[in-house]
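The primary structure of each chain is shown beneath.
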Amino acid sequence: MNRLLGVLIVLIGTLIFTSCSSDSFEEELEYTQSTTGNEKVTVDPVAMEEALLDLINQHRLSIGLNALEKSATSYKYAEEHNDYMISQNTLSHDNFDDRAQKIASEMSAVSISENVARYYSSADATMEAWLESATHRTAMEGDFTHTTLSVQLDKDGRPYYTEIFIKVE
């Protein structure tokens, strides 16, 4: 019985930590983190960015959507948000409105969304988690034209992810 209660508590905690956070600029934002433990894995952030962006575009193409163009203009905002999350040791969409407004102004964007995650040690694992989450999937499969993805490591070498989706008309 105690084991069943423990599993129930973990499931409730998972739901709380992966619940959707709303924002006025884009209707759905979400984040996720790996709960596989603290195995020590070496991650190359640049290679991870490329691999995950490739997986996202492959997925979009497989369901009849356009591939997303990389946005160098907005990369700094994804990178800054990773720095912020690492400094806070948490996942968040804090200051999303500010990021979105700056990107919209610089790129004449009409729609912006973002996904965040942490601790996934492979592009495949991150992609799988985002596909299993309805709101992450919605962002990845949304009506967007551009994207940017920053992967940065915390002091323990664990990756944090911020992906921003942008629609430019």
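No experiment lies behind these values; they were computed from the predicted model shown.

Definitions and cut-offs
- Residues numbered from 1 in each chain as written.
- Predicted model: local features only at pLDDT ≥ 70, side-chain atom pairs only at ≥ 80, totals over all residues.
- Heavy atoms only, no water.
- Helix = DSSP H or I, 4+ residues; strand = E, 2+ residues; numbered from the N terminus.
- Buried < 20%, exposed > 50% of the residue type's maximum accessible area, 1.4 Å probe, protein only.
- Contact = heavy atoms within 4.5 Å.
- Areas by Shrake-Rupley, 256 points an atom, 1.4 Å probe, with all protein chains shown as cover.
- Salt bridge = Lys/Arg side-chain N within 4 Å of Asp/Glu carboxyl O.
- Core = buried A, V, L, I, M, F, W, Y, C linked by side-chain atoms within 4.5 Å.
- Pairing = 2+ DSSP bridges.
- pLDDT = per-residue confidence, 0-100.
- Axes fitted to C-alpha atoms, helices over the stretch in contact; angles between N-to-C directions.
- Parallel < 35°, antiparallel > 145°, perpendicular 65-115°, else oblique.
- Left-handed = near helix turned anticlockwise from the far one by under 90°.

Brief notes about the overall build of the chain
And step 1. Assigned secondary structure in the chain consists of six helices and five strands.
And step 2. Across the 169 residues that make up the chain, the buried fraction comes to 44%.
And step 3. Long-range pairs, those at least 24 residues apart, make up 72% of the contacts in the chain between residues at least 6 apart in sequence.
And step 4. Surface summary for the chain: the accessible area is close to 8900 Å², and the carbon and sulfur share equals 53%.

Things to note about the pattern of salt bridges
And step 1. Using the criterion set out here, one finds 10 salt bridges in the structure.
And step 2. Residues Asp-98 and Lys-102 are paired through a salt bridge, measuring 3.2 Å at the closest nitrogen-oxygen approach. Placement of both Asp-98 and Lys-102 in helix 4 (residues 96-107) is noted, with a separation of four residues, approximately one turn of the helix.
And step 3. Taking the relative accessible area as the measure of exposure, Asp-98 reaches 42% and is therefore partly exposed.
And step 4. Residue Lys-102 is classed as partly exposed on the basis of its relative accessible area, which comes to 36%.
And step 5. The salt bridge partner of Arg-158 is Asp-156, with a shortest N-O separation of 3.4 Å.
And step 6. On the basis of relative accessibility, which here comes to 22%, the residue Arg-158 falls in the partly exposed class.
And step 7. Here Asp-156 falls in the partly exposed class, since its relative accessible area comes to 37%.
And step 8. Connected via shared salt-bridge partners are Asp-154, Lys-155, Asp-156 and Arg-158.

What to know about the nonpolar core
And step 1. One finds Leu-52, Ile-56, Trp-130 and Tyr-161 to be the most contacted residues of the largest nonpolar core, which totals 19 residues.
And step 2. Among the secondary structure elements, those contributing two or more residues to this core are helix 2 (45-62), helix 5 (123-132), helix 6 (134-140), strand 4 (146-153) and strand 5 (159-168).
And step 3. Ranked by size, the runner-up nonpolar core spans 11 residues in total, among them Ala-100, Ala-109, Ile-112 and Ile-166.

A short note on the pairing of strand 4
And step 1. Summarising burial for strand 4: seven of the eight residues are buried, a large majority.
And step 2. Bridge analysis of strand 4 against strand 5 gives eight bridges, and the strand direction is antiparallel. If you follow Val-151 over to strand 5, its bridge partner there is Tyr-161.
And step 3. In sequence, strand 4 turns back onto strand 5 through a hairpin of five residues, with Gly-157 there showing a positive phi of about 80 degrees.

Some details on the confidence of the model for the chain
And step 1. For the chain, the mean per-residue pLDDT works out to 82, and 76% of the residues sit at or above 70.
And step 2. Under a pLDDT of 50 for its full length, residues 4-36 has, in the predicted model, 62 contacts with residues more than four places off or in other chains.

Quick word on the packing of helix 2 against helix 5
And step 1. Running from N to C, helix 2 and helix 5 cross one another at 40 degrees; their axes reach a closest spacing of 9 Å. Regarding the angle of helix 2 to helix 5, the classification is oblique. Seen from above, helix 2 lies across helix 5 with right-handed handedness. For the pair formed by helix 2 and helix 5, the contact residues are Met-48, Ala-51, Leu-52, Leu-55, Ile-56 and His-59 on the first element and Ala-123, Asp-124, Thr-126, Met-127, Trp-130 and Leu-131 on the second.

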